Amino acid sequence: MKKRIKLIHFIHGLSMGGAEILVKEYALGLNKNKFDLTILCLNRMDSSYEKMLEEQGISIVFISDFMPFYRKKNIFSRIINKLQRYYFARKILRKLQPDIVHIHLNLNQMVLFAGLPKSTKIFYTQHYNFALGLKKYRRDMLALKKLISSHPVKLIALSENMRQQLNRFF
């Protein structure tokens, strides 16, 4: 029997936004005989998407579930939480040993920090117009440039304008 491809969709959470709808549709439409899918989320949202996907047998891992200070909002907790997000993203990605990581939104820095094998394929979907907020996303785009130099990367744009932005930046 042929080995199933290990695929991770990495996203902030599964609320009701556009990127989340896309991940939900990808997950529901994926051939389960060919792919072993895990959705990796930074935050648990307790949304209907989470319930729907779990009922369909799709594995969802929430980094926030591993963070003891996640619900606390003081300065100490916020600093610890930021560090723990990186630590647990790295730990989980390495444990799952994916063949493909599909990154949504600005999570490139975490994937770069994970130090995945160079054979891991990276898909990156551009969901926002980063030309409007390039300063805000600059570090994440620089992390994506480093990923491009070290991994097979496929850039996906949701519009012609976004494709042109990606082509100019990369």
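Our structure's up above, just so we're on the same page.
What you are looking at is a predicted structure, and each value in this text was computed from that prediction instead of being measured.

Cut-offs used in this document
Counting restarts for each chain: residues are numbered from 1 in the order of the written sequence. Local features in this predicted model are restricted to residues of pLDDT 70 or higher, and side-chain atom pairs are both shown and tallied only at a pLDDT of 80 or more, whereas totals for entire chains, interfaces and linings draw on every residue. Processing note: side-chain calculations cover all non-hydrogen atoms of the structure and skip hydrogens and water entirely. Starting at the N terminus, helices and strands are each numbered in turn, a helix being any DSSP run of H or I of at least four residues and a strand any DSSP run of E of at least two. Relative accessibility decides the category of a residue: with a 1.4 Å probe and only protein chains considered, values under 20% of the type maximum give buried, values over 50% give exposed, and everything between is partly exposed. Working definition of a nonpolar core: buried Ala, Val, Leu, Ile, Met, Phe, Trp, Tyr and Cys residues. They are joined through side-chain atoms within 4.5 Å. Whether two residues are in contact is decided by their heavy atoms, any of which lying within 4.5 Å being enough. Strands are labelled as partners when DSSP assigns at least two bridges between them. Only the stretch in contact is used when fitting a helix axis, every axis being a line fitted to C-alpha atoms; angles between N-to-C directions are given from 0 to 180 degrees. Orientation labels follow simple angle bins: below 35 degrees gives roughly parallel, above 145 gives roughly antiparallel, 65 to 115 gives roughly perpendicular, and whatever is left gives oblique. Note on residue classes: Ala, Val, Leu, Ile, Met, Phe, Trp, Tyr, Cys and Pro are nonpolar, Asp, Glu, Lys and Arg are charged, and everything else, Gly too, is polar. Patch definition: residues with relative accessible area over 30% and no salt bridge; like charges joined within 9 Å; nonpolar side chains (Val, Leu, Ile, Met, Phe, Trp, Tyr) joined within 5 Å. Method for areas: the Shrake-Rupley scheme with a 1.4 Å probe, in which residue coverage is limited to the protein chains shown. Any carboxyl oxygen of Asp or Glu that lies within 4 Å of a side-chain nitrogen of Lys or Arg is treated as forming a salt bridge with it. Pairing of aromatic side chains here covers Phe, Tyr and the six-membered ring of Trp, requires ring centres within 6.5 Å, and sorts the geometry by plane angle: under 30 degrees stacked, over 60 edge-to-face, intermediate tilted. In this analysis the charged atom, NZ for Lys or CZ for Arg, is taken to sit over a ring once it is within 6 Å of the ring centre and within 35 degrees of the ring normal. By definition, the arc is the one covered by directions from the helix axis to the C-beta atoms.

A.B. asks: Help me understand unusual backbone geometry in this model?
C.D. replies: Excluding glycine, most residues fall at negative phi; most peptide bonds, likewise, are trans. Notably, Gln-97 is not glycine yet its phi reads approximately 45°, a positive angle. With respect to the helices and strands, Gln-97 occurs in the loop between α3 (75-96) and β4 (100-104). Positive phi, close to 65°, is recorded for Leu-105, a residue that is not glycine. Note that Leu-105 resides in the loop between β4 and α4 (108-114). On the basis of relative accessibility, which here comes to 17%, the residue Leu-105 falls in the buried class.

A.B. asks: Please clarify how the nonpolar core should be interpreted in this entry.
C.D. replies: In a soluble, globular protein the nonpolar side chains are often hidden away together inside. Grouped together as the largest cluster of nonpolar side chains are 44 residues, with contacts concentrated most on Phe-10, Leu-14, Ile-39, Ile-63 and Val-111. With residues up to four places along the chain from it excluded, the contact list for Ile-63 reads Phe-10, Leu-40, Cys-41, Leu-42, Arg-85, Phe-88, Ala-89 and Ile-92.

A.B. asks: It is not clear to me how the sheet that holds strand β3 (residues 59-62) should be interpreted in this structure. Could you clarify?
C.D. replies: Whenever strands of a sheet pair, they do so through backbone hydrogen bonds, lying parallel or antiparallel. If you trace the six strands from one edge of the open sheet to the other, you get β3-β2-β1-β4-β5-β6, paired in parallel fashion. The sheet is open, and its two borders are formed by β3 and β6 (153-157), each paired with just one other strand. Direction aside, neighbouring strands of the sheet carry axes that sit 20° apart on average. In this structure, strand β5 (residues 121-126) lies alongside β6, joined through five bridges in parallel fashion. Across the sheet, Tyr-124 pairs through a bridge with Leu-155, a residue of β6. Those strands touched by helix α1 (residues 18-29) are β1 (5-11), β2 (35-41), β4 and β5, and its axis lies near 165° from that of β1. Lying over the sheet, α3 contacts β1, β2, β3 and β4, oriented at roughly 165° with respect to β1.

A.B. asks: I would appreciate a short explanation of the packing of α1 against helix α2 (residues 48-55) in the present structure.
C.D. replies: Orientation of α1 relative to α2, taken along the N-to-C sense of each, is 10°, at an axis distance of 11 Å. In terms of orientation, α1 lies roughly parallel with respect to α2. From α1, Glu-20, Ile-21, Lys-24, Ala-27 and Leu-28 reach across to α2, where they touch Tyr-49, Met-52 and Leu-53. The residue inventory of the contact of α1 with α2, partitioned by class, reads six nonpolar, no polar and two charged.

A.B. asks: Sorry if this is basic, but what is going on with a nonpolar patch on the surface here?
C.D. replies: A surface patch of nonpolar side chains, amounting to about 440 Å² of accessible area, comprises Ile-75, Phe-76, Ile-79 and Leu-83. Within the secondary structure, Phe-76 sits in helix α3. Judged by its relative accessible area of 49%, Phe-76 is partly exposed.

A.B. asks: I tried to follow the packing of aromatic side chains on my own but got confused; where do I start?
C.D. replies: We describe a pair of aromatic rings using the distance from one ring centre to the other and the angle between the two ring planes. What the rule picks out here adds up to five aromatic pairs. A centroid spacing of 5.7 Å and a plane angle of 85° characterise the contact between Tyr-86 and Phe-113, whose relative ring orientation is edge-to-face. One end of the pair, Tyr-86, is in helix α3; the other, Phe-113, is in helix α4, and 27 residues separate them in sequence. Each ring, one from Tyr-87 and one from Phe-88, has its centre 4.9 Å from the other, and the planes form 75°; the classification is edge-to-face. A relative accessible area of 45% places Tyr-87 in the partly exposed class. Residue Phe-88 is classed as buried on the basis of its relative accessible area, which comes to 12%. Put simply, the rings of Phe-66, Tyr-87 and Phe-88 touch in pairs and so form one group of aromatic residues. When the ring centre of Tyr-70 is taken as origin, the NZ or CZ atom of Lys-73, which lies over that ring, is 5.9 Å away. Positioned above the aromatic ring of Phe-169, the side-chain terminus of Lys-145 is 4.7 Å from the ring centre.

A.B. asks: What is the right way to read helix α6 (residues 160-169) from this model?
C.D. replies: Buried within α6 are the following residues: Met-162, Gln-165, Leu-166 and Phe-169. Along α6, the residues classed as buried sweep out an arc of 95° about the axis, all on the same side.

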